[in-house]
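In case you want the letters, here they are:
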Amino acid sequence: MAGATSATEGKSKRPSNTAFKQQRLRAWQPLLTPKSVLPTFFIIGIIFAPIGGWLLWASGRVNELRIDYTNCDQLSNTLTPLSTNQFEYHLNGIDSKTIPKPEEKYDGETNTCTISFNLPKDLEPSVFLYYRLTNFYQNHRRYTRSFDIDQLKGKARSASELANGDCSPLDVHSEDDGPKKPYYPCGLIANSVFNDTISQPLWANPSGLAKSSTYAMTDKGIAWDSDRKRFNPTAYKADEVYPPPNWHERYPDGYPEPIPDLADDEHLLVWMRTAGLPTFRKLYMKNTEDTMKSGYYQINVQMNYDTRSFGGTKSIVISTTSFIGGRNPVLGIAFIVVGGLCVLLGCIFAVRHFYRPRRLGDHTYLSWNQQVASGLADNHNDASGGGGPSAAASGRKDPGTLRQRP
């Protein structure tokens, strides 16, 4: 019987009697009084509102233009002005209503959309060209998991290893008369990569007698270093894998030997870093050295990417940056709203406190103060010999209560 009792005590789940496990560690718990709360509201408002104005000012200094070309393939081979909801201009010191509308035309033989637009002011470097998609949910849980990290690292994963994994249903390609082979790279992300080809901007009417020239932009260095670290040269042979189905235009006869290193395809690297919102833009090209002069420009886009299948749109975006990045007034507005709200609440609470103050309790009667006071009283009674322990105990207040001052 004694052995059974000791075994039961040994299996007890009761935590040991320590300050940490019994939650007796010292902690700071603020007393929320008007003297502490009201200054806090005003301090937050005074700090946040100027910061928000500063961020909004910095965002407003970013020059940006966006042109939608989703329906360009429905146009003729004659330049046609766009409607006002198909483009946006945000250029410092220039009223967007005074800028001529962008124009587009479509060449069905080459599947090329020509975008012509007027740039009324110089854009100082750095200048970035993005593509923008809407209603594309790269943040879908199954989509974000649809790749194989070992395959991207260069390991030659077999068809049996990839089958019914995260890459499904784009994991293995099978033909009736041939063996099953894995897709490389497998998964939905790689297969849905943006494959419109956007040309460098052509400066169509430079001033003076100068000929048309190209504003040189490059796609080198558009990916993050962390993106490149995810990709290594593959151990696959060209006849061991298939390209993803939507890569047919790039590799109509399959991969050459050796298979190109995916780390060199920076457009793919940028695409594989999935976006968190259904409307997003991704960097396509950039120029960090030369000024983009004012004038008329043309950009040719070979239209391969279907956005109508998911009810989305596609646009090109040309933008500069500031110390906070691209044009994004949301952050500045958020700071201003929070700062203004704190000042407003501080004013309301201050008026309420001054006109109808609430009667506060005596902090000395709080439980943590009461314990200290009781200990001092006991020591005093023991030293003086009067009252005894029972008298000290009878004079204590109930711990945890807060009495009103008389």
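Residues numbered from 1 in each chain as written. Predicted model: local features only at pLDDT ≥ 70, side-chain atom pairs only at ≥ 80, totals over all residues. Heavy atoms only, no water.

Student: Outline the overall build of the protein, listing residues and values.
Tutor: Each helix and strand in the protein was counted, giving eleven helices and 14 strands. Here the protein, with 406 residues, has 34% of them falling under the buried criterion. Summarising the internal contacts of the protein: among those between residues at least 6 apart in sequence, 76% fall at separations of at least 24. Accessible area for the protein stands at about 24,400 Å²; split by element, carbon and sulfur atoms hold 55% of it. (Helix = DSSP H or I, 4+ residues; strand = E, 2+ residues; numbered from the N terminus. Buried < 20%, exposed > 50% of the residue type's maximum accessible area, 1.4 Å probe, protein only. Contact = heavy atoms within 4.5 Å. Areas by Shrake-Rupley, 256 points an atom, 1.4 Å probe, with all protein chains shown as cover.)

Student: Please set out the state of the cysteines residue by residue, giving values where relevant.
Tutor: By the definition in use, this model includes two disulfides. Here cysteine 72 is linked by a disulfide to cysteine 113, with a sulfur-sulfur distance of 2.1 Å. A torsion of 95° about the S-S bond marks the disulfide between cysteine 72 and cysteine 113 as right-handed. Of this pair, cysteine 72 sits in the loop between β1 (64–68) and β2 (80–81) while cysteine 113 sits in strand β5 (residues 112–119), and the two are 41 residues apart along the sequence. The pair formed by cysteine 72 and cysteine 113 is uniform in burial state, with each residue classed as buried. Here cysteine 167 is linked by a disulfide to cysteine 186, with a sulfur-sulfur distance of 2.0 Å. One quick way to see it: the torsion about the S-S bond of cysteine 167 and cysteine 186 is about 40°, and its sign makes the bridge right-handed. With a gap of 19 residues between them, cysteine 167 in the loop between α5 (159–162) and β7 (172–173) and cysteine 186 in the loop between β8 (181–182) and α6 (188–191) connect regions that are remote in the sequence. For cysteine 167, a relative accessible area of 2% gives the class buried. Ordinal numbering of bonded cysteines along the protein defines a disulfide pattern of 1-2, 3-4. (Disulfide = S-S within 2.5 Å.)

Student: I'd love a proper account of the packing of aromatic side chains, names of residues and values included.
Tutor: Evaluated as defined, the whole model comprises 20 aromatic pairs. What links up through ring pairs into an aromatic cluster is the set Tyr131, Phe136, Tyr143, Phe194, Trp271, Phe280, Tyr284, Tyr305 and Phe310. One Lys or Arg, arginine 250, reaches over the ring of tryptophan 247 and ends 4.5 Å from the middle of that ring. Between the NZ or CZ atom of arginine 273 and the centre of the ring of tryptophan 224, over which it lies, the distance is 3.7 Å. (Phe/Tyr/Trp six-rings, centres within 6.5 Å; stacked < 30°, edge-to-face > 60°. Lys NZ or Arg CZ within 6 Å of the ring centre and 35° of its normal.)

Student: Could you give an account of the pattern of salt bridges, with specific residues and numbers?
Tutor: Applying the stated criterion to the full structure yields ten salt bridges. Arginine 308 is paired through a salt bridge with aspartate 73; the nearest N and O atoms lie 2.6 Å apart. A residue pair is termed long-range when its members are at least 10 positions apart, and arginine 308 in the loop between β13 (295–302) and β14 (314–319) and aspartate 73 in the loop between β1 and β2 qualify at 235 residues. We classify arginine 308 as partly exposed; its relative accessible area is 39%. Here aspartate 265 and arginine 250 are joined by a salt bridge, their closest N and O atoms 2.8 Å apart. Taken together, the residues span a long stretch of sequence, with aspartate 265 in the loop between α7 (225–228) and α8 (266–272) and arginine 250 in the loop between α7 and α8 at a distance of 15 residues. (Salt bridge = Lys/Arg side-chain N within 4 Å of Asp/Glu carboxyl O.)

Function-wise, these values are silent; they only describe arrangement.
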